[in-house]
Amino acid sequence: MRIFTCLFVLSCLLSSGARAQDTPVPAKIVYRDVALRLNGYGEREVMWMDVYRCALYLARRSADPAEIVRTREPKLLVIRVLTDNAPADMPARWRETLDAELTAPLFRRIKKSYRRAGTGDVLKFAYLPGKGTRFYFNDRHVLTDPGYGLMESLLDQWLGARPVSRNLKRLLAPATG
């Protein structure tokens, strides 16, 4: 019983440290003169530890995950890192998605940003029709990928048939009512 108490206290301390550096999630964002509304947000948890918070902004709200992935309207994914204990190499699903959608030089750029990421860092993926998908690391533009494929693949990780977290999928596309 004592070991469970220690684990509980440790997990509380770790998660409270990450939350102390959190910032509020704004209800609206203007990205390149396009007004976007918060569709939903949630935290990705692994073994009782919050790893990142993901917020999804859309031009018009939707509770239909398939529609969100499919429609080529302005979108913004904001990912705030909540831990310094991320694996040294990016998760396999991220690596597979990004490698399939990006040229080798662009993939290396995003991989370098991932390796530098720690508590408080912010990754943004923004899509605008006709402009492609842009990736920012702490508001610094890292790359632009033409078309919709990169954003579609990223959204599929959270909202597709095999999401990385069912709870996060529910939070990013909450039922309206």
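Just so it is clear, the structure is predicted and the values come from calculations on it, not from any experiment.

Engineer: Tell me about the nonpolar core, and please be specific about residues and values.
Structural biologist: Counting residues in each nonpolar core, the largest one holds 36 residues, and the members touching the most others are L77, I110, L155, W158 and L159. A total of 6 residues in this core trace back to one element, the largest contributor, which is helix α5 (residues 149–159). With sequence-adjacent residues up to four places away left out, L159 is seen in contact with L56, P65, I68, V69, K169, L172 and A173. With 11 residues, the next largest nonpolar core counts L36, L76, V78 and L128 among its residues.

Engineer: Which residues make up the pattern of salt bridges, and what values do they have?
Structural biologist: Taken as a whole and judged by the stated rule, the model has 3 salt bridges. Of the charged contacts in the structure, one is a salt bridge between R60 and E67, with a shortest N-O distance of 3.4 Å. Across the pair D139 and K124 runs a salt bridge whose closest N-O atoms are separated by 2.8 Å. Of this pair, D139 sits in the loop between β6 (132–137) and β7 (140–145) while K124 sits in strand β5 (residues 122–128), and the two are 15 residues apart along the sequence.

Engineer: Could you give me a rundown of the pairing of β6, with the residues and numbers involved?
Structural biologist: For β6, a buried count of 5 out of 6 residues is recorded, marking the element as mostly surrounded by other parts of the structure. Linking β5 back to β6 in an antiparallel pair, the connection comprises 3 residues, with G130 at a positive phi of about 80°. Examined bridge by bridge, β6 and β7 share 5 bridges and lie antiparallel to one another. Across the sheet, the residue bridging to T133 is D145, located in β7. As consecutive antiparallel partners, β6 and β7 are separated by 2 residues, and within that stretch N138 has a phi angle of approximately 50°, a positive value.

Engineer: I'd like a description of the packing of helix α3 (residues 92–101) against α5, backed by residues and values.
Structural biologist: For the pair α3 and α5, the least separation of the axes is 9 Å and the interaxial angle reads 160°. As the angle between them shows, α3 and α5 are arranged roughly antiparallel. In terms of crossing hand, the pair formed by α3 and α5 is right-handed. Touching R93, W94, T97, L98 and E101 of α3 are G149, L150, S153, L154, D156, Q157 and W158, all from α5. Broken down by class, the residue content of the contact of α3 with α5 amounts to 5 nonpolar, 4 polar and 3 charged.

Rules of the game
- Residues numbered from 1 in each chain as written.
- Predicted model: local features only at pLDDT ≥ 70, side-chain atom pairs only at ≥ 80, totals over all residues.
- Heavy atoms only, no water.
- Core = buried A, V, L, I, M, F, W, Y, C linked by side-chain atoms within 4.5 Å.
- Buried < 20%, exposed > 50% of the residue type's maximum accessible area, 1.4 Å probe, protein only.
- Helix = DSSP H or I, 4+ residues; strand = E, 2+ residues; numbered from the N terminus.
- Contact = heavy atoms within 4.5 Å.
- Salt bridge = Lys/Arg side-chain N within 4 Å of Asp/Glu carboxyl O.
- Pairing = 2+ DSSP bridges.
- Axes fitted to C-alpha atoms, helices over the stretch in contact; angles between N-to-C directions.
- Parallel < 35°, antiparallel > 145°, perpendicular 65-115°, else oblique.
- Left-handed = near helix turned anticlockwise from the far one by under 90°.
- Nonpolar A, V, L, I, M, F, W, Y, C, P; charged D, E, K, R; others polar.

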